[in-house]
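The residues making up each chain are set out below.
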Amino acid sequence: MKKGNPVALLPLVVFLVLFLGSGLYFNAKGVEFAFYQLPAPVAAVVGIIVAFIVCKGTMDEKMDTFVAGVGESNIIIMCLIYLLAGGFSAVASAMGGVDSTVNFGLSVIPPRLILPGLFIIAAFVATAMGTSMGTIGAVAPIAVDMALKAQLPVALAVGAVVGGAMFGDNLSMISDTTIAATRTQGCEMRDKFIMNFLIALPAAIVTIVIMTIFGVSGKIPADLEYSFIRIIPYISVLVLALAGMNVFLVLIIGTALSGAIGLAEGSFTLIGYSQKIYEGFTSMQEIFILSLLIGGLAALISKAGGIDYLLNFISSKIKSVKGAELGIAALVSVADVCTANNTVAIVITGPMAKQIADENGVDPRRSASMLDIFSCVWQGIIPYGAQMLLAGQLSGLSPIEIMPTLYYPYFLAVMALLAIAFGFPKVKAKANNKVEAAI
């Protein structure tokens, strides 16, 4: 491996310092969503300008490198999936899928299982929708209302929702974190899901058991209205994705099915349907632009020797496959704590994680899972992350008050570290390249 050049990392440092510094500044000023006041793409542009200054070569050579990074096939595929995922989510929500899913789940919860029930509902909704923020926004207000009426601790109810939302965000086939992790590591979403699920499921089971043992009974609202047909698109997307269908086809089918149900029930007109799809596209604007810019920035940093330097430094500390997995986990963890955005953290560290994995014999499914798991662990815990800020805003609680009730992210972190320590789950490739997992 080339020795590399530490100066070439300056653009990345500038990006992170700007992003983190602005968040700390606005947080000190008491601004809501402090770490989201400076748009990440703007900070990335500043980093790119610095990269053009510190990197050697003519302006034309630097531009060619930057454009090649922006147009890298995995980056473009990732961005297209973002758009389709946004379109599906927007249409499915507009035709009443979210409300029906939440109400259906609530209608089957026994009163003594409100807390684990809220966790499971949030987990399913997030897995179906592919967004923890959307899940918290949809389920948290209901959880707060139920907690007040049933005289349950509000923090426990909100913590259950946040935990379930992070479970689904981590596993969902259409989550931007899954898209980023699988595209940067070069593995199939279905394969990553299986690996991820075997690690996340024990953490979820322990969470449910704890909530069941220490939870208390309460009231569930009566006369909850839902339409099972409106839940079908979510189920279809999950089933088709797990069956191994191409993700583009899965999302197109899901969007078409949601549209057909919405049109048949009068939820929107044909023009309204197209507008909802576009609204979904625009909802992915920031991460779409950021992914393109980070792709170009990474190419400039790599050509200047920054990636080689960082990988040499990390590799000198790595003595085994377990060490490589811990290195990947540490990389994405630091990035998430600095950026307060799990997708951004994966996009930034994904290429580095890929090289660490390749050089140390880490299976791409493992590296993708570690990226996604540890980014979601921290994103579900840090009190200045969007998920916790939204949960606090909707519940009237400080994120600090909610943190002790976040059982699932803590158990997930423990389970992921145990998975690294004991090489669990063990996987091997079959002849047809499908995953075979052994517990």
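Rules of the game
- Residues numbered from 1 in each chain as written.
- Predicted model: local features only at pLDDT ≥ 70, side-chain atom pairs only at ≥ 80, totals over all residues.
- Heavy atoms only, no water.
- Axes fitted to C-alpha atoms, helices over the stretch in contact; angles between N-to-C directions.
- Helix = DSSP H or I, 4+ residues; strand = E, 2+ residues; numbered from the N terminus.
- Parallel < 35°, antiparallel > 145°, perpendicular 65-115°, else oblique.
- Left-handed = near helix turned anticlockwise from the far one by under 90°.
- Contact = heavy atoms within 4.5 Å.
- Core = buried A, V, L, I, M, F, W, Y, C linked by side-chain atoms within 4.5 Å.
- Buried < 20%, exposed > 50% of the residue type's maximum accessible area, 1.4 Å probe, protein only.
- Phe/Tyr/Trp six-rings, centres within 6.5 Å; stacked < 30°, edge-to-face > 60°.
- Polar contact = N/O pair within 3.5 Å; in protein donor to acceptor, adjacent residues only side chain to side chain.

Asks: Describe the packing of helix 14 (residues 285-303) against helix 17 (residues 342-360), with residues and values.
Replies: As a packed pair, helix 14 and helix 17 sit with axes 10 Å apart at the nearest point and diverge in direction by 20 degrees. Between helix 14 and helix 17, the crossing angle belongs to the class labelled roughly parallel. Regarding helix 14 and helix 17, the two cross each other, and that crossing is right-handed. Residues Ile287, Leu290, Ser291 and Ile294 of helix 14 lie in contact with helix 17, whose contacting residues are Thr343, Val344, Val347 and Ile348.

Asks: Break down unusual backbone geometry for me, with residues and values.
Replies: Trans peptide bonds make up most of the peptide bonds, and negative phi angles are found at most residues other than glycine. Omega for the bond connecting Phe424 with Pro425 falls within 30 degrees of zero, at -10 degrees, which places this linkage in the cis form. Locating Pro425 in the fold gives a position in the loop between helix 21 (407-422) and strand 1 (426-429).

Asks: Could you give an account of the nonpolar core, with specific residues and numbers?
Replies: Counting 126 residues, the largest nonpolar core has Phe15 and Leu118 as its most contacted members. Here this core gets 11 residues from one element, more than from any other, and that element is helix 8 (residues 154-171). The residues contacting Phe15, other than those within four sequence positions of it, are Ala40, Ala43, Ala44, Leu290, Ile294, Val344 and Ile348.

Asks: Give me the lowdown on the packing of aromatic side chains, citing residues and values where you can.
Replies: This structure, assessed with the given rule, holds nine aromatic pairs. A centroid spacing of 6.0 Å and a plane angle of 40 degrees characterise the contact between Phe15 and Phe19, whose relative ring orientation is tilted. With Phe15 and Phe19 both in helix 1 (residues 10-28) and four residues apart, this pair spans about one turn of that helix. Residue class for Phe15 comes out buried when judged on its relative accessible area of 0%. Judged by relative accessible area, Phe19 falls into the buried class, the value being 3%. The interplanar angle of 55 degrees and the centroid separation of 5.6 Å between the aromatic rings of Phe119 and Tyr408 together place this pair among those described as tilted. With Phe119 in helix 6 (residues 114-129) and Tyr408 in helix 21, this residue pair connects regions lying 289 residues apart in the sequence. Under the relative-accessibility criterion, Tyr408 is labelled buried at 1%.

Asks: Break down the side chain of Ser172 for me, citing the residues and quoting the values.
Replies: Locating Ser172 in the fold gives a position in the loop between helix 8 and helix 9 (176-185). By relative accessible area, Ser172 is classed as buried at 0%. Among the polar contacts listed, one links the side chain of Ser172 to the backbone nitrogen of Ser175, at a separation of 3.5 Å. Ignoring anything within four residues of it in the chain, the contact list for Ser172 reads Ala126, Thr127, Gly130 and Thr178.

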